[in-house]
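Residue-level structure breakdown
Chain by chain, the residues:
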Amino acid sequence: MPSVLKMKLTADKPQLDLYPYAKIHWLEDVKAVRVELFDLFMSLDDFINVMNHVLEFIKEYKSEIWIADSYNSEGVFSKEIQEYISNELIATGVSIGVKKVLTVMPKSYGLANMTTKNWQARVRKANAFVMEEFPDIETCKRWISS
């Protein structure tokens, strides 16, 4: 389990801080759920915990757009996490109505970039979502709004 769980709900900016792994936001201006990923060196249980919270946000706000923001991420996902994405997470996303999986790419081209490309390939293989990638969150939001 993440070491700190902080829920901040305000009318204009609901978010959930799952320190040190992720922060989840509802972006009212583009009707999207954004998960900022930070430390990718997490256990499968921690990853499932983070993703379950993301899925709850998507259901709560009835969003069709999931933004995976890896801009500040570091590390790699384990093989177990990659398999979970392929074998369970994609189907769950489809079942709750996700239509678009948008990625903000890591700012560095190290291990986090390699991991992001790997999970993207697994999701693309399912051919279940519109997928796009962006250099930063503002470019992503402009694309959604266009």
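Remember, it's a predicted structure, so these values are computed and weren't measured experimentally.

What to know about the packing of aromatic side chains
- All told, the structure shown has five aromatic pairs when counted by the stated rule.
- Look at Phe 47 and Tyr 84: their rings are 5.9 Å apart centre to centre, the planes differ by 85 degrees, and that puts the pair in the edge-to-face class. Of the two residues, Phe 47 is situated in helix H1 (residues 44–61) and Tyr 84 in helix H2 (residues 79–95); the sequence distance between them amounts to 37 residues.
- Ring plane angle 50 degrees and centroid distance 5.9 Å describe the contact between Phe 57 and Tyr 61, whose orientation is recorded as tilted. Here the residue Phe 57 and the residue Tyr 61 both occupy positions in helix H1, the gap between them amounting to four residues, near one helical turn.
- Among the aromatic residues, those joined into a ring-pair cluster are Trp 26, Phe 57 and Tyr 61.

So, the pairing of strand S6 (residues 100–104)
- Counting buried positions along S6 yields four of five residues, so the element is predominantly enclosed.
- Taken together, strand S5 (residues 65–69), H2 and S6 form a β-α-β motif whose crossover is right-handed.
- Looking at chain direction, S6 and strand S7 (residues 130–134) are connected through five bridges and run parallel. Paired with Thr 103 across the bridge in S7 is Glu 133.
- In this fold, S6 hands off to helix H3 (residues 111–126), which returns the chain to S7; that crossover is right-handed.

Here we look at the packing of H2 against H3
- Where H2 meets H3, the closest approach of the two axes is 10 Å, and the angle between their N-to-C directions is 30 degrees. Classified by the angle their axes make, H2 and H3 are roughly parallel. Judged by the sense of rotation from one axis to the other, the crossing of H2 with H3 is right-handed. Contacts from Gln 82, Glu 83, Ile 85, Ser 86 and Ile 90 of H2 reach H3 at Thr 115, Asn 118, Trp 119, Arg 122, Val 123 and Ala 126.

Thresholds applied
- Residues numbered from 1 in each chain as written.
- Predicted model: local features only at pLDDT ≥ 70, side-chain atom pairs only at ≥ 80, totals over all residues.
- Heavy atoms only, no water.
- Phe/Tyr/Trp six-rings, centres within 6.5 Å; stacked < 30°, edge-to-face > 60°.
- Helix = DSSP H or I, 4+ residues; strand = E, 2+ residues; numbered from the N terminus.
- Buried < 20%, exposed > 50% of the residue type's maximum accessible area, 1.4 Å probe, protein only.
- Right-handed = clockwise from strand over helix to strand, strands pointing away.
- Pairing = 2+ DSSP bridges.
- Axes fitted to C-alpha atoms, helices over the stretch in contact; angles between N-to-C directions.
- Parallel < 35°, antiparallel > 145°, perpendicular 65-115°, else oblique.
- Left-handed = near helix turned anticlockwise from the far one by under 90°.
- Contact = heavy atoms within 4.5 Å.

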